[in-house]
Amino acid sequence: MPFHAAHLSPGRHGAQLGSSGVFRQRLKTSFISKSIECVAFTDVAPQAPTHFLVIPRKPIAMLSDAEDTDAALLGHLMNVARKVAKEQGLEKGYRLIVNNGQDGAQSVYHLHIHVMGGRQMSWPPG
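Residues numbered from 1 in each chain as written. Predicted model: local features only at pLDDT ≥ 70, side-chain atom pairs only at ≥ 80, totals over all residues. Heavy atoms only, no water.

Caption draft 1: Up close: the side chain of R95. Looking at where R95 falls in the secondary structure, it is placed in strand 4 (residues 94-97). Despite its burial, R95 pairs with no opposite charge; the closest candidate is D43, at 14 Å N-O. In this structure the side chain of R95 is engaged in a polar contact, spanning 3.0 Å, whose partner is the backbone oxygen of S122. (Helix = DSSP H or I, 4+ residues; strand = E, 2+ residues; numbered from the N terminus. Buried < 20%, exposed > 50% of the residue type's maximum accessible area, 1.4 Å probe, protein only. Lys, Arg positive; Asp, Glu negative; His and termini not counted. Salt bridge = Lys/Arg side-chain N within 4 Å of Asp/Glu carboxyl O. Polar contact = N/O pair within 3.5 Å; in protein donor to acceptor, adjacent residues only side chain to side chain.)

So this is what it looks like as structure tokens:
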């Protein structure tokens, strides 16, 4: 099923999930990874040669809204990021980013991890 975060409405409650846990919007990108808990797909506006997102199917607006009971899901997201990074050939390294809230530059209010690699990253990031 195609999926792309750019079609999610920005704002606190922009990500609309159906009861099946699949995003309602018809989106343009195909999944590069799927599990019961999350999906991964290439970013529509990549900021690095390799740039993909890992997104939980559970509707969590931002990391600070996650609960202690979400610990296993959050760990799963990191594990999927690691596996897909390896599949994408990022042996030399990559960066994980989670934007949280307005000051964290979050624009899509459904928790997601950016995974970027394929070039030397600079520091500080923002």
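Caption draft 2: Spatial organisation of the sheet that holds strand 5 (residues 113-117). One open sheet holds the 5 strands; their spatial order is 1-2-3-5-4, and the pairing between them is antiparallel. Of all strands in the sheet, those with a lone pairing partner are strand 1 (31-34) and strand 4, marking the two edges. Across this sheet, the average inter-strand angle for adjacent strands is 20°, counted without regard to direction. Sheet analysis places strand 1 next to strand 2 (residues 38-42), joined by 3 bridges and oriented antiparallel. Residue pairing for strand 2: S33 is matched across the bridge by A40. Relative to the sheet, helix 1 (residues 71-87) contacts strand 1, strand 2, strand 3 (50-56), strand 4 and strand 5, its axis offset from that of strand 3 by approximately 155°. (Pairing = 2+ DSSP bridges. Axes fitted to C-alpha atoms, helices over the stretch in contact; angles between N-to-C directions. Contact = heavy atoms within 4.5 Å.)

Caption draft 3: Focus on the pairing of strand 3. Of all 7 residues in strand 3, 7 are buried, a share of seventy percent or more. Burial along strand 3 is two-sided: the face carrying T50, F52, V54 and P56 and the face carrying H51, L53 and I55 are both buried. When strand 2 meets strand 3, the two strands line up antiparallel, connected through 5 bridges. By the bridge assignment, A40 is partnered in strand 3 with V54.

Caption draft 4: Molecular detail of unusual backbone geometry. With an omega dihedral of 5°, the bond running from W123 to P124 counts as a cis peptide bond. Along the chain, P124 falls in the segment after strand 5.

Caption draft 5: Region of the structure containing the environment of V54. Relative to the assigned elements, V54 resides in strand 3. With 15 residues separating them along the chain, V54 and V39 place their C-alpha atoms 5.8 Å apart. When sequence neighbours within four positions are dropped, the list of residues in contact with V54 reads C38, V39, A40, L77, V80, A81, H112, I113 and V115.

Caption draft 6: Spatial organisation of a nonpolar patch on the surface. Together, M78, Y94 and L96 make up an exposed nonpolar region whose accessible area comes to about 260 Å². Mapped onto the fold, L96 is located in strand 4. For L96, a relative accessible area of 34% corresponds to the partly exposed category. (Patch = residues over 30% accessible without salt bridge, like charges linked within 9 Å, V, L, I, M, F, W, Y side chains within 5 Å. Areas by Shrake-Rupley, 256 points an atom, 1.4 Å probe, with all protein chains shown as cover.)

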